[in-house]
Amino acid sequence: MGTAKAAPNQKGQVNLVALRADMDGLPIPENNQKLPYKTTTDYAHMCGHDGHMATLLAATASFVANRDKVPSNKGIRLLFQPAEEMPGGALPMVKEGCMKNVDEVYGYHNIPNFDEGDIRVCSGGFFAAVTLVKIVVKGQGGHGSTPHKLKDPITCANYIFNALH
């Protein structure tokens, strides 16, 4: 898509705004055989990522259609972020310079429990990271009739799960 030209930022002015949407497919096969656009791989857009891309393109189309109303030193940069739900995400993009000269960034995600047409904005980081955690629970099995004689890893793992959830 490229980048709209923007003049260097002067104190207090926003010249370049980045709009970010994620575009990754999740490692979940599409099992709905009736979909005309069914994926043929083991990855699918189960979280609305295709909708994210469509709305980013729609926002871009709106910007372009109204470009004559926008000062010539203002612009947008489109960030189609891969690997939102897996290791990688935004960090490789940032390291490659996608945020260079960006004054503000708006990332968005559809949320099904919002009313249609709602746009909600939060300052600061929001939905900002994916962290993978591996927890190994070790125990000593036994018989259910003598729970006092075992170190039950299932019960322990459930306590951990409930506390984290």
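Parameters at a glance
Residues numbered from 1 in each chain as written. Predicted model: local features only at pLDDT ≥ 70, side-chain atom pairs only at ≥ 80, totals over all residues. Heavy atoms only, no water. Buried < 20%, exposed > 50% of the residue type's maximum accessible area, 1.4 Å probe, protein only. Helix = DSSP H or I, 4+ residues; strand = E, 2+ residues; numbered from the N terminus. Pairing = 2+ DSSP bridges. Phe/Tyr/Trp six-rings, centres within 6.5 Å; stacked < 30°, edge-to-face > 60°. Lys NZ or Arg CZ within 6 Å of the ring centre and 35° of its normal. Axes fitted to C-alpha atoms, helices over the stretch in contact; angles between N-to-C directions. Contact = heavy atoms within 4.5 Å. Expected span 1.5 Å × (residues − 1). Arc of directions from axis to C-beta. Polar contact = N/O pair within 3.5 Å; in protein donor to acceptor, adjacent residues only side chain to side chain.

*Asks:* If you had to explain the pairing of strand β2 (residues 75-81) to someone new, which residues and values would you point to?
*Replies:* Within β2, 6 of the 7 residues are buried, which leaves it mostly tucked inside the rest of the structure. Strand direction decides the pairing type here: strand β1 (residues 16-22) and β2, joined by 7 bridges, are parallel. Paired with A18 across the strands is R77, a residue of β2.

*Asks:* For the packing of aromatic side chains, give the residues involved together with the corresponding values.
*Replies:* Within the structure shown, the criterion is met by 0 aromatic pairs. Cation over ring: R120 sits above F114, and NZ or CZ is 3.6 Å from the ring centre.

*Asks:* Explain the sheet that holds β1 to me, using residue names and the numbers behind them.
*Replies:* What the 3 strands build is an open sheet, ordered β2-β1-β3; its pairing is parallel. Edge positions in the sheet fall to β2 and β3 (104-107), since each has one partner strand and no second. Neighbouring strand axes in the sheet, compared pairwise and without regard to direction, differ in orientation by 20 degrees on average. Pairing of β1 with β3, which is carried by 4 bridges, proceeds in the parallel orientation. Within β3, the position partnered with A18 by the bridge is V105. Contacts from helix α1 (residues 49-65) reach β1 and β2 within the one sheet, and its direction differs from that of β2 by about 165 degrees.

*Asks:* Any details on α1? Residues and values, ideally.
*Replies:* Here α1 spans 24 Å end to end across 17 residues, near enough to the 24 Å set by a 1.5 Å rise per residue. Every buried residue belonging to α1 is among H49, H52, L56, T60 and F63, and all of these are buried. Across the axial projection of α1, the buried residues extend over an arc of 75 degrees, all falling on one side. For α1, the elements touching its buried residues are β1 and β2.

*Asks:* Please set out helix α3 (residues 153-164) residue by residue, giving values where relevant.
*Replies:* Under the 1.5 Å per step criterion, the end-to-end length of α3 is 16 Å for 12 residues, consistent within 8% with the ideal 16 Å. N-capping of α3 is provided by D152, with a side-chain oxygen placed 3.0 Å from the backbone N of I154.

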